Amino acid sequence: MTRGDGLQGQDITRIIELGVVMQGGRGRGRGELVCDREFFHAKLGKGTEHNQEHPRNFVAGFVSADSVKPHHRLALEAGAIRFVPFAELPERIVTADELRVGWETLYDSVVADNAYETDGMVVEVTDASLRHAMGATSSHERAVMAIKRQGESAVSTVLAVRLTTGRTGRIIPTLLIKPVVLSGATVSKVTAHTAKNLLAQGLGEGAKARFVRSGK
């Protein structure tokens, strides 16, 4: 088992032997390592003795830990840390018109029916000829897309601006901001995308702005 982008990643096979529940059994393809939402908030979250910030952070900490901590063991023994293959997730088939008009209702129902924290839903074209016509980019099929609502936001102060070079040679301005917690993650760096955007938004040292964590 690897943790990565589907092409390369970190070997985390060892965690299976620790007691991670493999939903649907092994060999079911790509998926997500998650913690049961109800268990997390009742036993591990804010206000409990373990005072964990967010299920996503908890799972990431479990994967990267050198040893099994008491709060990891508690979740493992309860069967609350699970590997859920994408093939095991429930699906609904709707028409394009139903999606266009009622996507918000569909979104709410997908989130409500999920036992794990989620930040969106995946929409996939099922018609083979249409999928073929839509084609693909270098990284993904155009027939598969994620729909997400705007993420959690917070106001913070820009501490500095750092210029970095992307893999194509383009200069990318990165804002170093006073750390804020968004969707369970502590954010201290954000991209300003382009120098033009940096100037247009008036983003420099000392500026206050609202930042949104949208995810990938």
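See the structure above.
Bear in mind that the values here come from a model prediction, so they are computed numbers and not experimental data. (Residues numbered from 1 in each chain as written. Predicted model: local features only at pLDDT ≥ 70, side-chain atom pairs only at ≥ 80, totals over all residues. Heavy atoms only, no water.)

Asks: So what's going on with the overall build of the protein? Which residues, and what values?
Replies: In terms of regular secondary structure, the protein is built from seven helices and eleven strands. Out of the 216 residues in the protein, the part that is buried amounts to 32%. Of the contacts formed within the protein by residues at least 6 apart in sequence, a portion of 53% connects residues at least 24 apart. Surface accessibility of the protein: about 14200 Å² in total, with carbon and sulfur atoms responsible for 51%. Across the protein, the centroid of the 28 positively charged side chains sits 8 Å from that of the 24 negatively charged ones. (Helix = DSSP H or I, 4+ residues; strand = E, 2+ residues; numbered from the N terminus. Buried < 20%, exposed > 50% of the residue type's maximum accessible area, 1.4 Å probe, protein only. Contact = heavy atoms within 4.5 Å. Areas by Shrake-Rupley, 256 points an atom, 1.4 Å probe, with all protein chains shown as cover. Lys, Arg positive; Asp, Glu negative; His and termini not counted. Charge placed at Lys NZ, Arg CZ, Asp CG, Glu CD.)

Asks: Explain the sheet that holds strand E3 (residues 21-22) residue by residue, including any values.
Replies: Reading across from one edge, E3-E5-E4 is the order of the three strands in this open sheet, with mixed pairing throughout. Two strands close off the open sheet at either side, each with one partner strand: E3 and strand E4 (31-35). (Pairing = 2+ DSSP bridges.)

Asks: Which residues make up the sheet that holds strand E11 (residues 208-212), and what are the values?
Replies: Pairing within the open sheet is antiparallel, and its four strands lie in the order E10-E9-E8-E11. Of all strands in the sheet, those bounded by a partner on one side alone are strand E10 (185-191) and E11. Across the sheet, the mean angle separating the axes of adjacent strands is 45° when strand polarity is ignored. In this sheet, strand E9 (residues 171-182) lies alongside strand E8 (residues 153-165) in antiparallel orientation, the contact comprising seven bridges. By the bridge assignment for E9, Leu163 is matched with Pro173. (Axes fitted to C-alpha atoms, helices over the stretch in contact; angles between N-to-C directions.)

Asks: Account for the environment of Arg14, with residues named and values stated.
Replies: Relative to the helices and strands, Arg14 is located in helix H1 (residues 14-17). Using a relative accessible area of 39% as the deciding quantity, one classes Arg14 as partly exposed. Residues Arg14 and Ala65, 51 residues apart in the sequence, show an inter-C-alpha distance of 12 Å. Sequence-distant contacts of Arg14, that is, excluding residues within four places in its chain, are made with Val63, Ser64 and Ala65. A polar contact of 2.3 Å, which involves the side chain of Arg14, links it to the backbone oxygen of Val63. (Polar contact = N/O pair within 3.5 Å; in protein donor to acceptor, adjacent residues only side chain to side chain.)

Asks: Residue-level account of unusual backbone geometry, with values.
Replies: For Asn51, which is not glycine, the phi dihedral falls at a positive 50°. Of note, Asn51 is situated in the loop between helix H2 (37-44) and helix H3 (55-64). The exposure class assigned to Asn51 is partly exposed, which follows from its relative accessible area of 41%.

Asks: Lay out the packing of aromatic side chains in plain terms, naming residues and giving numbers.
Replies: Across all of its chains, the model carries two aromatic pairs by this definition. Between Phe40 and Phe58 the ring centres are 6.1 Å apart and the planes differ by 50°, which places this aromatic pair in the tilted class. Residue Phe40 is located in helix H2, and its partner Phe58 is located in helix H3; the two are separated by 18 residues in the primary sequence. As far as the burial class goes, Phe40 and Phe58 line up, both buried. On the basis of an interplanar angle of 90° and a centroid distance of 6.3 Å, the ring pair of Trp103 and Tyr107 is categorised as edge-to-face. Here Trp103 pairs with Tyr107, and both are found in helix H5 (residues 96-112), just four residues apart, close to one helical turn. The exposure class of Trp103 is partly exposed, given its relative accessible area of 28%. Judged by its relative accessible area of 7%, Tyr107 falls in the buried class. (Phe/Tyr/Trp six-rings, centres within 6.5 Å; stacked < 30°, edge-to-face > 60°.)

Keep in mind that these numbers describe shape and distance, not what the molecule does.
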